[in-house]
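Observations on the three-dimensional arrangement
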Amino acid sequence: MSEPARESIPPPRPRGFWAEAWNRYRRMPLAMAALIFIGFLAAVALFAPAIAGTKPVICKYKGRLYLPCLAYYNRGWEPVVFARDKFRGEYPANLEAKDPESWAIWPLVFQDPYRAVRRDEWPGLPANPARDQGHPSSRNLFGTTQTGVDVFAKMIHGTTVALLVGFVSMGIAATIGITVGALAGYFGGWLDVVFSRITEVVMCIPPLVLILALLAIVEKPTIWKMMAVLGLTGWTGISRLMRAEFLRLKSAEFVTAARSVGAGPGRIILRHVLPNALAPVMVPITFGIAAAILTESGLSFLGFGQPPPSASWGSLLNDARSNLKMWWLVAFPGAAIFLTVLAFNLVGEGLQQATDPRLREARK
Amino acid sequence: MPLLEIRNLVTAFHTPAGRVPAVDGVSLSIERGTTLGLVGESGCGKSVTAMSVLGLVASPGRIEAGQILLDRDGRSIDLVGLPERQLRTIRGGRIGMIFQEPMTSLNPVFTVGNQVAEAVRLHQKVSRQAARARALELLRLVRIADPERRLDEYPHQLSGGMRQRVVIAMALACEPDLLIADEPTTALDVTIQAQVLELLADLRQRLGMAILLITHDLGVVAETCDEVAVMYAGRIVERAAAAALFARPLHPYTIGLLAARPEHRRAAADPLAAIPGMVPQPRDFPAGCRFHPRCPFVREPRCTAELPSLRELEPGHLVRCHYAGDLGDPATVPAEARAE
């Protein structure tokens with residue numbers, strides 16, 4: 001009625017900001033490949049105990065169903081009955097011996113990430129070779145370590161560690177960074193002064209040194225403590241970006257408009273400013289995940305990681321240090337670290353391009 | 001009792017360079033169902049006055065003195081010093097506001113329906129469905145074509161005129177008693193301008209609300225306003241019924257503004273009349289009458305030394321000038337303006 005010229009053209013389907021960004025992201029083959037690779041890694045990480053392990057994924061024992069593979073996620077989740085019946089971690093023979101009626105579904109590869117498989121643990125399977133005898137073979141796809149632990153199994157379970165470190169530490173960092181940046185930027189005044197100074201102080205703390213100090217103090221260094229340190233020190237960049245976005249957006253006319261219809265500060269921050277400010281921080285968060293994975297690998301390589309037995313990619317590299325003839329201890333974990341970090345960086349770059357406002361304008 | 005009465009409002013900004021009184025003792029009143037035009041050049045304090053009413057003056061600005069009395073169901077409440085929580089129920093609930101830039105006054109990441117529905121839900125406890133239905137009704141009220149479809153569109157898919165209609169719909173969500181329109185048509189092209197003004201006039205009649213129309217366009221004022229207040233350098237210099245003001249402007253500034261309208265020329269080839277000089281910066285307002293450096297009727301020493309008061313020269317016609325009604329002959333060009 002008011003704009004007849006516009007009415008005649010059938011309008012495109014309404015699209016939100018993220019739908020538009022996704023549309024642009026989809027057209028970048030490299031970034032898409034990286035995203036698919038990360039999806040693949042995530043699947044591997046999630047189903048690691050079903051891919052490689054020595055505990056049944058699911059088994060029926062004495063008339064009940066159990067999921068012994070959960071032990072790989074958390075030791076405490078291993079059904080108590082197996083400890084009571086003195087399985088000592090050896091399932092195939094024990095299941096057979098103690099309950100002939102039992103059945104089990106086994107992981108794809110019968111190899112353990114934390115110990116060498118003994119002879120005949122699995123019917124007909126020889127003991128893992130150790131030292132430089134452990135070349136990659138059909139039984140040990142990526143070879144074995146000094147002590148005969150299967151590298152393939154270690155790497156599968158290492159994926160869980162790597163992604164967990166990346167996502168959890170950056171999750172912590174993003175939560176702190178977004179909160180601090182948003183509050184400082186939106187409210188300004190003394191809150192901004194205090195938060196900005198805290199940010200600067202934290203920025204001066206080198207995370208690696210802090211982690212080394214922490215590991216020296218605590219009795220049982222776990223990856224969780226490492227993630228906490230990485231998260232608690234890695235939020236400064238995010239917070240500063242967030243603050244800048246909030247400073248820019250809080251005086252935007254649509255924010256004033258929202259206030260003029262009676263919206264309170266909480267609603268304005270969460271609903272009006274945050275969704276508009278989120279795109280720029282997605283990029284450093286993605287890069288941060290890559291950096292956290294790299295830091296964890298580095299620490300494990302230096303021997304400051306999770307205490308053995310651990311399944312970190314970095315600890316495999318550490319194993320290779322003592323015997324460089326075992327090239328498979330360098331090549332496979334190295335490639336895994338390289339590809340994972342590369343993939344996250346490519347995704348970050350893709351996000352940057354997909355959400356860049358200048359490129360968005362150019363397309364209009 | 002008028003719907004809104006502003007008494008001696010002083011809003012100042014505290015900048016590192018010193019105190020800047022953008023609004024300096026403004027008094028206004030708006031009756032229910034009428035339109036008051038607030039006119040003046042850029043930087044004279046019109047928008048700050050509007051923002052003060054809603055308590056939205058951004059730091060480092062602060063209301064330093066005065067009262068803003070709003071009639072709420074027969075009881076008058078002072079919006080100055082009202083706690084933020086209560087102010088929020090006023091914003092959008094009793095007083096709606098629309099802005100100059102329809103391109104930026106909608107949140108780009110939410111659909112139009114979402115934003116209008118939010119304005120509804122901020123003040124009324126209704127379900128999502130009910131709010132959406134109300135949003136649809138509002139889009140219809142502001143005469144957006146095909147409102148069912150527009151409801152699910154994003155702001156960037158709408159034209160400027162349509163966005164301004166959406167902003168109006170948001171402001172009207174809870175049927176406010178007063179609508180503050182801060183240059184609602186400045187960013188729109190002329191045909192859309194006329195449509196939006198017509199819409200506002202129609203809505204005023206249908207909903208019985210009052211409008212505070214802030215503009216620098218005297219043509220808009222002539223068409224829509226019942227009363228006019230002319231602002232200059234943070235002060236009201238003339239206040240009258242629109243007809244009286246256009247028929248017989250009393251303040252030299254108003255006379256100059258009216259003479260500067262393009263349609264005031266006898267022939268299109270004539271040069272545009274202009275008021276010489278610039279609006280002074282609030283930091284260095286001149287002593288005496290603030291308009292005296294640009295006034296063609298300036299008379300020493302009273303104009304340069306003594307601040308004129310706002311006096312009622314004719315019934316309902318207030319003017320802030322020592323010599324209003326008896327201006328004498330204009331000097332060709334005022335001395336200080338010539339120096340620029």
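Every value quoted in this text rests on a predicted model; they were computed, and no experiment measured them. (Residues numbered from 1 in each chain as written. Chains lettered and ligands numbered in written order. Predicted model: local features only at pLDDT ≥ 70, side-chain atom pairs only at ≥ 80, totals over all residues.)

A tally of regular secondary structure across chain A gives 16 helices and 3 strands. A principal-axis box enclosing the C-alpha atoms of chain A has dimensions of 80 × 55 × 40 Å. Out of the 364 residues in chain A, the part that is buried amounts to 43%. (Helix = DSSP H or I, 4+ residues; strand = E, 2+ residues; numbered from the N terminus. Buried ≥ 20, exposed ≤ 12 C-beta atoms within 10 Å, placed from the backbone.)

Contact residues are listed per partner, giving 35 residues for chain B and 25 residues for chain A. Within the residue set of the side of chain B that touches chain A, elements represented by two or more residues are helix H2 (84–90) and helix H6 (160–171) of chain B. For the side of chain B that touches chain A, the element with the highest residue contribution is H6(B), accounting for 5 residues. Its residues assigned to classes, the side of chain B that touches chain A comprises 17 nonpolar, 12 polar and 6 charged. (Contact = placed C-beta atoms within 7 Å. Nonpolar A, V, L, I, M, F, W, Y, C, P; charged D, E, K, R; others polar.)

Moving on, we come to the domain arrangement of chain A. All names here are of chain A. Under the domain assignment, chain A is made up of domain 1 (54–128 + 138–144) and domain 2 (152–363). Inter-centroid distance (C-alpha atoms) of domain 1 to domain 2 is 37 Å. In this complex, domain 1 contributes 11 residues to the contact, which on the side of domain 2 involves 9 residues. (Domains from an automatic or database assignment.)

All names here are of chain B. Burial of strand E8 (residues 210–215) is extensive: 6 of the 6 residues sit out of reach of the surface. Residues Ala210, Leu212 and Ile214 point to one face of E8 and Ile211, Leu213 and Thr215 to the other, with burial holding for every one of them. Sheet topology places strand E3 (residues 35–39) next to E8; 5 bridges connect them, and they run parallel. Bridge pairing links Gly37 to Leu213 in E8. Two elements, strand E7 (residues 178–182) and E8, share 5 bridges in a ladder whose sense is parallel. Counted as the bridge partner of Ile180 is Leu212 from E8. In this region the chain leaves E7, passes through helix H7 (residues 190–207) and returns to the parallel neighbour E8; the handedness of that crossover is right-handed. (Pairing = 2+ DSSP bridges. Right-handed = clockwise from strand over helix to strand, strands pointing away.)

A few words on the nonpolar core. If you look at the biggest cluster of nonpolar residues, it comprises 178 residues, and the most contacted ones within it are B:Val116, B:Leu178 and B:Leu212. Top element by residues in this core is helix H7 (residues 151–187) of chain A. It accounts for 20 residues. In terms of domain composition, this core takes at least three residues from each of domain 1 (54–128 + 138–144) and domain 2 (152–363) of chain A. When neighbours within four sequence positions are excluded, B:Leu178 is seen to be in contact with B:Leu3, B:Leu4, B:Ile30, B:Arg94, B:Ile95, B:Met209, B:Ala210 and B:Leu212. Core analysis: the second largest hydrophobic core is formed by 7 residues, A:Tyr61, A:Tyr66, A:Tyr91 and A:Leu95 among them. (Core = buried A, V, L, I, M, F, W, Y, C linked by C-beta atoms within 7 Å.)

Residues and elements named next belong to chain B. The 8 strands lie next to each other as E6-E7-E8-E3-E9-E10-E12-E11, forming an open sheet whose pairing is mixed. Looking at strand neighbours, the two that pair on one side only are strand E6 (95–98) and strand E11 (311–314), the edges of this open sheet. For this sheet the average axis-to-axis angle between neighbouring strands, irrespective of direction, equals 20 degrees. When strand E10 (residues 235–241) meets strand E12 (residues 317–319), the two strands line up antiparallel, connected through 2 bridges. Within the sheet, the bridge partner assigned to Glu238 lies in E12 and is Val319. (Axes fitted to C-alpha atoms, helices over the stretch in contact; angles between N-to-C directions.)

To continue, consider the packing of H6(B) against H7(B). Residues and elements named next belong to chain B. As a packed pair, H6 and H7 sit with axes 10 Å apart at the nearest point and diverge in direction by 20 degrees. With respect to their mutual orientation, H6 and H7 come out roughly parallel. Here the hand of the crossing between H6 and H7 comes out right-handed. Packed against H6, whose contacting residues are Gly160, Gly161 and Gln164, the element H7 presents Ile192, Gln195 and Val196 at the interface. (Parallel < 35°, antiparallel > 145°, perpendicular 65-115°, else oblique. Left-handed = near helix turned anticlockwise from the far one by under 90°.)

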